Amino acid sequence: MKKANLKKLGKNIKYARKANNLSQEELAEMLKLSRNYIGMIERAEVNAPVATLFDIAKALKVNVKSFFDFD
């Protein structure tokens, strides 16, 4: 995925996380991931596996498609 799209993806995940009033640490604990890894996804420093994106979406109670709304 292009870096610009990774940045948009990360921004959308961060928006959904904040809409759920969760910190990176709280989301990470829910998913059994590190807070650092959640931050890296949000900052577009890693290209997270699709399975992880689905897990994040489920934890945030959103459709994974919302992460890919790049308009």
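Below, the structure is looked at part by part. Because the structure is a prediction, the values reported are computed rather than measured.

Okay, the overall build of the protein chain next. On a plain count of helices and strands, the protein chain comes out with four helices and zero strands. Secondary structure elements of the protein chain occur, N-terminal to C-terminal, as α-α-α-α. Considered along the principal axes of its C-alpha atoms, the protein chain spans approximately 30 × 20 × 20 Å. Going through the 71 residues of the protein chain one by one, you find that 37% of them count as buried. Taking the contacts inside the protein chain whose residues are at least 6 apart along the sequence as the reference set, 57% of them involve residues at least 24 apart. On the protein chain, roughly 4,700 Å² of surface is accessible, and the fraction owed to carbon and sulfur atoms is 53%. Looking at charge distribution, the protein chain has the averaged site of its 14 positive side-chain charges lying 4 Å from that of its 8 negative ones.

Within the largest apolar cluster, 19 residues are counted, with the highest numbers of intra-cluster contacts made by Ile13, Leu27, Ile56, Leu60 and Phe67. Counting residues per element, the ones that place at least two in this core are α1 (3-19), α2 (24-31), α3 (35-42) and α4 (50-60). Top element by residues in this core is α4. It accounts for five residues. Among residues more than four places away in sequence, those in contact with Ile13 are Ile41, Glu42, Leu53, Ile56, Leu60 and Phe67.

The next point concerns the packing of aromatic side chains. How two aromatic rings sit relative to each other is given by the distance of their centres and the angle of their planes. Taken as a whole and assessed by the stated rule, the structure comprises one aromatic pair. With a centroid separation of 6.1 Å and 55° between ring planes, the pair formed by Phe68 and Phe70 is classed as tilted. Using a relative accessible area of 35% as the deciding quantity, one classes Phe68 as partly exposed. You can call Phe70 partly exposed: its relative accessible area is 22%.

Here the focus is the side chain of Asn12. If you trace the backbone, Asn12 turns up in helix α1. By relative accessible area, which is 18% here, Asn12 ends up buried. Separated by 3.1 Å, the side chain of Asn12 and the backbone oxygen of Asp69 make a polar contact.

About the thresholds
All chains use their own residue numbering, which begins from 1 and follows the written sequence. Only residues with pLDDT of 70 or above have their local features reported here, since the model is predicted, and side-chain atom pairs are shown and tallied only from 80 upward, although totals for entire chains, interfaces and linings are computed over all residues. Side-chain numbers come from the whole structure's heavy atoms, not from hydrogens or water. Runs of E in the DSSP output that reach at least two residues are strands. Runs of H or I that reach at least four are helices, and both are numbered from the N terminus. Each residue is assigned to one of three classes by its accessible area relative to the maximum for its type, calculated with a 1.4 Å probe on protein chains only: buried under 20%, partly exposed between the two thresholds, exposed over 50%. By definition in these notes, contact holds between two residues if any of their heavy atoms fall within 4.5 Å. Exposure was quantified through the Shrake-Rupley algorithm and a 1.4 Å probe, taking into account, for residues, occlusion by the shown protein chains and nothing else. Only four residue types enter the tally: Lys and Arg on the positive side, Asp and Glu on the negative side, with His and both chain ends excluded. To locate a charge, take NZ of a lysine, CZ of an arginine, CG of an aspartate or CD of a glutamate. Working definition of a nonpolar core: buried Ala, Val, Leu, Ile, Met, Phe, Trp, Tyr and Cys residues. They are joined through side-chain atoms within 4.5 Å. Only the six-membered ring of Trp is used, alongside the rings of Phe and Tyr, when aromatic pairs are assigned; centres must lie within 6.5 Å, and planes under 30 degrees apart are stacked while those over 60 apart are edge-to-face, with the rest tilted. The term polar contact refers here to a pair of N or O atoms within 3.5 Å; inside protein, the definition further demands a hydrogen-donor-capable atom paired with an acceptor-capable atom, and it admits residues adjacent in sequence only when both atoms are side-chain atoms.

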